[in-house]
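# Coordinates in review
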Amino acid sequence: MTSITDPNMSVRFTGAMEEIHNKQLKTYGEIMDTTTELCQSHRQFVKSALDMCLKKCKDDEMLFETIQTFKIDLEQKNSSLKEKQHDISEVISEIQQKEMQKDEIIQKIEKLKEEQAKRKESNKDRLRNLQKARLVFQDHLGMEIRTILGKTQLVKGEKLQFVFRNINPSDQESAYVVTLGIKEDGAYQIVSSDPVLECLPALESRLQETNNLPAFLANVRKEFISQARS
């Protein structure tokens, strides 16, 4: 029977612990990469939706102006027909040109409708992928990502809330939360943490310098664990 004081047994035990630790670090790194890709995809989705809305509004305004111009021009030509019969052929030709323009506008509208349908289906895929990613976080690290809408004057718009669990050994289900806002330029801004971390300003400064969200989340989790065990 091998003694616990046997040096070989100590080496084997240390090697096994290091292997387990390395596997955990690898899993954590993969999850953090997924977090970065998810956040980038989300920001791209928000920007794409905004651009689409702005373009649609502009196209609608141009369409309305074109129709109004066409209507006024058509009324003027009808009046001119009554006064000058010899201009009938020219006016008819112009009307035909306007009809061609109208057909082109209708085709553009149909194309916009098709593009909107494709974007809607793509958005559904993104939502399904987001749900899958959340399940991965919950299974591996006990971390949950929530998207909430900010209503305060300090931070308006969309916010991401990261909920950590498995932090406190005496209460594995206890939630430790850090909330990030997303500025108009896409940069992250720390809104709050619960419980409060004294080093949060320093972590925020580092996040804004590097834009490395996985590293930020790793440091936050480390600080929560340190605070829970102190």
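Cut-offs and rules
Residues numbered from 1 in each chain as written. Predicted model: local features only at pLDDT ≥ 70, side-chain atom pairs only at ≥ 80, totals over all residues. Heavy atoms only, no water. Helix = DSSP H or I, 4+ residues; strand = E, 2+ residues; numbered from the N terminus. Buried < 20%, exposed > 50% of the residue type's maximum accessible area, 1.4 Å probe, protein only. Contact = heavy atoms within 4.5 Å. Areas by Shrake-Rupley, 256 points an atom, 1.4 Å probe, with all protein chains shown as cover. pLDDT = per-residue confidence, 0-100. Arc of directions from axis to C-beta. Pairing = 2+ DSSP bridges. Salt bridge = Lys/Arg side-chain N within 4 Å of Asp/Glu carboxyl O. Patch = residues over 30% accessible without salt bridge, like charges linked within 9 Å, V, L, I, M, F, W, Y side chains within 5 Å.

On to the overall build of the protein. Along its length, the protein carries four helices and four strands. Listed N to C, the secondary structure of the protein is α-α-β-β-β-β-α-α in terms of helices and strands. Within the protein, the proportion of its 230 residues that are buried is 24%. Relative to all contacts within the protein whose residues are 6 or more apart in sequence, the contacts with residues 24 or more apart total 45%. If you sum the accessible surface of the protein, you get close to 16400 Å²; carbon and sulfur atoms cover 53% of it.

Moving on to the confidence of the model for the protein. When pLDDT is low, close inspection of the predicted coordinates is not appropriate. Across the protein, the average pLDDT comes to 79, with 83% of residues at 70 or higher. Ranking the elements of the protein by mean pLDDT puts helix α2 (residues 88-140) last with 72 and helix α3 (residues 200-210) first with 91.

What follows covers α3. The set of residues buried in α3 consists of Leu200, Leu203 and Leu207. Burial along α3 is one-sided: seen end-on, the buried residues are contained in an arc of 60 degrees. Facing away from the buried side of α3 by more than 90 degrees, the exposed set consists of Pro201, Ala202, Arg206 and Glu209. Looking at the buried side of α3, the elements it contacts are β3 (176-182), β4 (188-194) and α4 (213-229). Positive backbone phi, approximately 55 degrees, marks asparagine 211, located one or two places after α3.

On any regular strand, side chains alternate: one points to one face of the sheet, the next to the other face. The pairing of β3 with β4 spans six bridges and is antiparallel. Following the sheet pairing, valine 177 is matched in β4 by aspartate 194. Connecting β3 to the next strand, β4, in antiparallel fashion are five residues, including glycine 186 with a positive phi near 90 degrees.

Attention shifts here to the pattern of salt bridges. If you walk through the whole model with that rule in mind, you get seven salt bridges. We note a salt bridge from arginine 206 to glutamate 209, for which the minimum N-O separation is 3.6 Å. Taken together, the positions of arginine 206 and glutamate 209, both in helix α3 and three residues apart, correspond to about one turn of that helix. Assessed through its relative accessible area of 59%, glutamate 209 is described here as exposed.

Here we come to a nonpolar patch on the surface. Taken together, the side chains of Phe13, Met17 and Ile20 present a nonpolar region at the surface, about 320 Å² in accessible area. With respect to the secondary-structure elements, phenylalanine 13 resides in helix α1 (residues 7-83). Classification of phenylalanine 13 as exposed rests on a relative accessible area of 54%.

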